[in-house]
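The residues making up each chain are set out below.
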Amino acid sequence: MGKAFFVSGIDTDAGKSYATGVLAARLLAQGERVITQKFVQTGCGLDTDAVSEDIALHRIIMGTGLLPEDRDGTTCPQKFAYPASADLAARLEGRRVDIDVISDSTDKLLASYDTVLVEGAGGLMVPIDEHYTVIDYIADRGLPLILVTNPKLGSVNHTLLSLDACRARGITVDRLVYNHYPVTSDTITDDTRRYLKNYIAVNLPGCRFTEVPCIADPGSYDPARDPFSDGLQPA
């Protein structure tokens, strides 16, 4: 069996999809058998049978094209039409998010791959139903977390709150990924990176710090030319 990691962000649009694709591409370049999974995809419109748009982005960055597990729905077994939280999108369709189906899909992928990166939906506290959130799923499943942050205003606050929430639930934060998008001033980018790197060194010594470049063209990403590339080996 392989190893699964859950990839979440400090907020919506933290850059989870790009970070997930980049980490997977780095592993592929090292000869790892890696695949990504989307926890839940919302905003699919009427074509909920189509491949998840986030999975499609991962494959572009990875340079693999769509995989059989994408086409048969294994990498994203829960898709909803409305662009909202998974809880609301499911309720609008008279459905619920079936976490057992999601977990079973991860286990199926783990039987064939060394590493499965499960990209979440939104931040850690996004509701799955009235009484269950994404962070509850991560804790119940015992998945190590990869948390994606960035240099935008408020990111330090959101990052520390997310890390505290993980600590309270006994979740292992494998690494903090510093996504260089959105582009802001060098002063803010450098200081935010410095602060967060120092914070985890003192407060989460087992957590590693990884950087992801700002990618203008996902299809042109090359791990060999990525100055931040460091792979993703378990702690």
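Note that this is a predicted model, so its numbers are computed, not measured.

S.K.: Go over the nonpolar core, please, and point to the residues and values.
M.R.: Counting 44 residues, the largest nonpolar core has Phe6, Phe39 and Leu145 as the members making the most contacts within it. For Phe39, the residues in contact, after removing those within four places along its chain, are Phe6, Gln78, Ile102, Val118, Glu119, Gly120, Ile128, Val134 and Tyr137. If you look at the next biggest cluster of nonpolar residues, it comprises 19 residues, including Val7, Leu23, Ala24 and Val34.

S.K.: Account for the side chain of Thr74, naming residues and giving values.
M.R.: Considering the arrangement of structural elements, one finds Thr74 in the loop between helix 3 (68–71) and helix 4 (86–92). Residue classification places Thr74 among the buried positions, given a relative accessible area of 6%. The residues contacting Thr74, other than those within four sequence positions of it, are Gln37, Glu69, Ser105, Lys108 and Leu109.

S.K.: Can you tell me about the sheet that holds strand 3 (residues 115–123), naming the residues and giving the values?
M.R.: Where strands meet in a sheet, backbone hydrogen bonds hold them as pairs that are either parallel or antiparallel. Here six strands make up an open sheet; going across it, the order is 2-3-1-6-7-8 and the pairing parallel. Strands at the two margins of the open sheet, each flanked by one partner only, are strand 2 (34–38) and strand 8 (208–212). Ignoring strand direction, the axes of neighbouring strands in this sheet form an average angle of 25°. Bridging between strand 7 (residues 173–179) and strand 8 involves five bridges; their strand directions are parallel. Counterpart to Val177 in the pairing with strand 8 is Thr210. The strands that helix 6 (residues 134–141) touches are strand 1 (3–9), strand 3 and strand 6 (145–149); relative to strand 1, the one it contacts most, it runs at about 160°.

S.K.: Just give me the short version of the pairing of strand 3, but keep the residues and values in it.
M.R.: For strand 3, the buried fraction is high: nine of the nine residues fall into the buried class. Bridge analysis of strand 2 against strand 3 gives five bridges, and the strand direction is parallel. Residue pairing for strand 3: Val34 is matched across the bridge by Thr115.

S.K.: Break down the packing of helix 1 (residues 16–29) against helix 2 (residues 53–62) for me, citing the residues and quoting the values.
M.R.: Between helix 1 and helix 2, the least distance of the axes is 8 Å, while the angle of their chain directions is 40°. The angle between the axes of helix 1 and helix 2 places the two elements in the oblique class. The hand of the helix 1/helix 2 crossing is right-handed. Contact residues: Ser17, Tyr18, Thr20, Gly21, Val22, Ala24, Ala25 and Leu28 in helix 1; Asp54, Leu57, His58, Ile61 and Met62 in helix 2. Broken down by class, the residue content of the contact of helix 1 with helix 2 amounts to eight nonpolar, four polar and one charged.

S.K.: Let's hear about unusual backbone geometry: which residues, and what values?
M.R.: Note the cis peptide between Tyr181 and Pro182, where omega equals 0°. Within the secondary structure, Pro182 is located in the loop between strand 7 and helix 8 (186–203). Unlike most non-glycine residues, Asp13 shows phi in positive territory, near 65°. Looking at where Asp13 falls in the secondary structure, it is placed in the loop between strand 1 and helix 1. Take Asp13: its relative accessible area is 64%, and that puts it in the exposed class.

S.K.: Tell me about the pattern of salt bridges, and name the residues and values.
M.R.: Side-chain pairing between opposite charges can occur once the charged atoms of the two side chains come close. For the structure shown, the criterion picks out 17 salt bridges. For Asp174, the salt bridge goes to Arg208, with nearest N and O atoms at 2.9 Å. Placement of Asp174 in strand 7 and of Arg208 in strand 8 is noted, with a sequence separation of 34 residues between them. Residue Asp174 is classed as buried on the basis of its relative accessible area of 4%. The partly exposed category is assigned to Arg208, whose relative accessible area is 27%. In this structure, a network of salt bridges that share partners links the residues Lys38, Asp54 and Glu119.

So, how was this worked out
Residues numbered from 1 in each chain as written. Predicted model: local features only at pLDDT ≥ 70, side-chain atom pairs only at ≥ 80, totals over all residues. Heavy atoms only, no water. Core = buried A, V, L, I, M, F, W, Y, C linked by side-chain atoms within 4.5 Å. Buried < 20%, exposed > 50% of the residue type's maximum accessible area, 1.4 Å probe, protein only. Contact = heavy atoms within 4.5 Å. Helix = DSSP H or I, 4+ residues; strand = E, 2+ residues; numbered from the N terminus. Pairing = 2+ DSSP bridges. Axes fitted to C-alpha atoms, helices over the stretch in contact; angles between N-to-C directions. Parallel < 35°, antiparallel > 145°, perpendicular 65-115°, else oblique. Left-handed = near helix turned anticlockwise from the far one by under 90°. Nonpolar A, V, L, I, M, F, W, Y, C, P; charged D, E, K, R; others polar. Salt bridge = Lys/Arg side-chain N within 4 Å of Asp/Glu carboxyl O.

Functional significance is not addressed by these values, which are geometric in nature.
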